[in-house]
Amino acid sequence: MTCRPLKSLHINIPKVEDFMTLLVEPPLRTYVQDAVDLLQQIGALTPNDQSLTPLGTNLASIPLHPQLGKMVLMGVFFRCLDPILSIVSVLNEKDPFVLKKHNKKHELDSIKAKFANGEPSDHLMFVNVIHQWEEAFESGTNQQFCRKNYLNEKVLDGIYKIKQQVKERLDKMDILGNPTDLEQNSTNFRLIKATLAYAFYPLVKPRGLDNKLRFTFLNEGNGKRIYVRAHHMFLRTLNCLL
């Protein structure tokens, strides 16, 4: 999303849409407008003149999608940074699980359920995966941990590097505050889920089931539905999805 760093350059062209038309290969205007609308919805741009807000100025310094960057800032504010960094790093990278044989799918599902620890949330499951892998790495048992749990260590290493890069950037921004209480709420899963919902707005949608109770979908309103793959941990009980 180029609109956010573009506004941070203070170029004397008020509207992002107008500047984009000057590029050698300008993106479709509808794409630019969608990006501007999202930045305004999350509070990064002012609605009238498209100026960066204080939130937008901070987001411009974080090398992540703006909604993920907003989630990180909320993790700092609510003192639950490490699990939030794990979540955004997975979302910025990719799923670290790997299924080499299709007949092992049920076994992999059981492993994911173990990591979820009763929480119907893929996001919180990944928090536990990353935390336990980091512990295994410290103890020198990371390779065995990955083989046992069908995890791609190269992907996990990439996730860890993103976590470190973002945390270093936050430190340079001088917004981490007192390091002794930075993680005081990192086991408060209700707070973490609330932080996710707040940061993902307006992408939080109510969940529904079709008449045959076979497919889960997101209700977009006006009769529109977005069908969701059924393997996610959170499909069983949540009434809304991120």
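Residues numbered from 1 in each chain as written. Predicted model: local features only at pLDDT ≥ 70, side-chain atom pairs only at ≥ 80, totals over all residues. Heavy atoms only, no water.

1. Quick word on the overall build of the protein chain
Here's step 1: Within the protein chain, the regular secondary structure consists of 11 helices and four strands.
Here's step 2: For the protein chain, buried positions account for 40% of its 242 residues. (Helix = DSSP H or I, 4+ residues; strand = E, 2+ residues; numbered from the N terminus. Buried < 20%, exposed > 50% of the residue type's maximum accessible area, 1.4 Å probe, protein only.)

2. Concerning helix 10 (residues 153-173)
Here's step 1: Taking 1.5 Å as the rise per residue, helix 10 with 21 residues should run 30 Å; its terminal C-alpha atoms sit 30 Å apart, in good agreement.
Here's step 2: The set of residues buried in helix 10 consists of V155, L156, G158, I159, I162, K163, V166, L170 and M173. All buried residues of helix 10 fall inside an arc of 160 degrees around its axis, so they share one side. The exposed residues of helix 10 that point more than 90 degrees off its buried face are K154, K161, E168, D171 and K172.
Here's step 3: Packed against the buried residues of helix 10 are helix 4 (54-59), helix 5 (66-77), helix 6 (81-92), helix 8 (122-139) and helix 9 (142-148).
Here's step 4: Of the residues that open helix 10, the one with a side-chain oxygen 2.9 Å from the backbone nitrogen of K154 is N152.
Here's step 5: Where helix 10 terminates, the next one or two residues include D174, which has phi positive at roughly 60 degrees. (Expected span 1.5 Å × (residues − 1). Arc of directions from axis to C-beta. Contact = heavy atoms within 4.5 Å. Polar contact = N/O pair within 3.5 Å; in protein donor to acceptor, adjacent residues only side chain to side chain.)

3. Comments concerning the packing of helix 5 against helix 11 (residues 189-200)
Packed helix pairs are characterised by how far apart their axes lie and by the angle those axes make with each other.
Here's step 1: Packing of helix 5 against helix 11 brings their axes to within 8 Å, and their N-to-C directions diverge by 145 degrees. As helix 5 packs across helix 11, the resulting crossing turns out to be right-handed. Between helix 5 and helix 11, the contacting residues are Q67, L68, K70, M71, M74 and G75 on the first element and T195, L196, Y198, A199 and F200 on the second.
Here's step 2: Residue composition of the contact of helix 5 with helix 11, by class: seven nonpolar, three polar and one charged. (Axes fitted to C-alpha atoms, helices over the stretch in contact; angles between N-to-C directions. Left-handed = near helix turned anticlockwise from the far one by under 90°. Nonpolar A, V, L, I, M, F, W, Y, C, P; charged D, E, K, R; others polar.)

4. Let's talk about the pattern of salt bridges
Here's step 1: Scanning the model with the defined rule gives seven salt bridges in all.
Here's step 2: In this structure, E134 engages K163 in a salt bridge whose closest nitrogen and oxygen atoms are separated by 2.9 Å. Note that E134 is positioned in helix 8 and K163 in helix 10, a separation of 29 residues in sequence.
Here's step 3: For E134, a relative accessible area of 18% corresponds to the buried category.
Here's step 4: One salt bridge connects D157 with K161, and the closest N-O pair in it is separated by 3.3 Å. In this pair, D157 and K161 both sit in helix 10, four residues apart, roughly one turn of the helix.
Here's step 5: On the accessibility criterion, D157 (30% relative accessible area) is partly exposed. (Salt bridge = Lys/Arg side-chain N within 4 Å of Asp/Glu carboxyl O.)

5. Observations concerning the nonpolar core
Here's step 1: L64, M71, V72, L81, V88, V166 and L170 are the most contacted members of the largest nonpolar core, which has 36 residues in total.
Here's step 2: Residue assignment for this core shows that the elements contributing at least two residues are helix 2 (16-20), helix 3 (29-41), helix 5, helix 6, helix 8, helix 10 and helix 11.
Here's step 3: Here this core gets six residues from one element, more than from any other, and that element is helix 5.
Here's step 4: Those residues in contact with V88 that lie beyond four places of it in its chain are L64, L68, M71 and V72. (Core = buried A, V, L, I, M, F, W, Y, C linked by side-chain atoms within 4.5 Å.)

6. Some thoughts on unusual backbone geometry
Here's step 1: Here Q50, not a glycine, exhibits a phi torsion of approximately 60 degrees, which is positive.
Here's step 2: By the secondary structure assignment, Q50 is in the loop between helix 3 and helix 4.
Here's step 3: By relative accessible area, which is 2% here, Q50 ends up buried.

7. Some details on the layout of surface pockets
Here's step 1: Quantified by volume, the second largest pocket comes out at close to 260 Å³.
Here's step 2: What lines the second largest pocket is a set of 15 residues, and nearest its centre among them are E134, E138, Y160, K163 and Q164.
Here's step 3: Ranked by residues supplied to the lining of the second largest pocket, first place goes to helix 8 with six residues. (1 Å grid on protein atoms, 1.4 Å probe; cavity = no way out; pocket = protein on both sides within 12 Å on 5 of 7 lines; lining within 4 Å. Points joined across faces, edges and corners; volume = space filled by probe spheres on them.)

8. Some details on the packing of aromatic side chains
Here's step 1: Counted according to the given criterion, the structure contains six aromatic pairs.
Here's step 2: Ring geometry for F97 against F115: centres 6.2 Å apart, planes inclined by 55 degrees, an arrangement best described as tilted. Remark: F115 occurs in helix 7 (residues 105-116) and F97 occurs in the loop between helix 6 and helix 7; sequence separation between them is 18 residues. You'll find F97 and F115 in the same group, each marked buried.
Here's step 3: On the numbers, 6.3 Å between centres and 70 degrees between planes, the contact of W133 with Y160 is edge-to-face. Here the residue W133 occupies a position in helix 8, and Y160 occupies one in helix 10, the gap between them amounting to 27 residues.
Here's step 4: Given the relative accessible area of 3%, W133 is considered buried.
Here's step 5: One aromatic cluster is present, built from ring pairs that chain together F97, F115, F126 and F145. (Phe/Tyr/Trp six-rings, centres within 6.5 Å; stacked < 30°, edge-to-face > 60°.)

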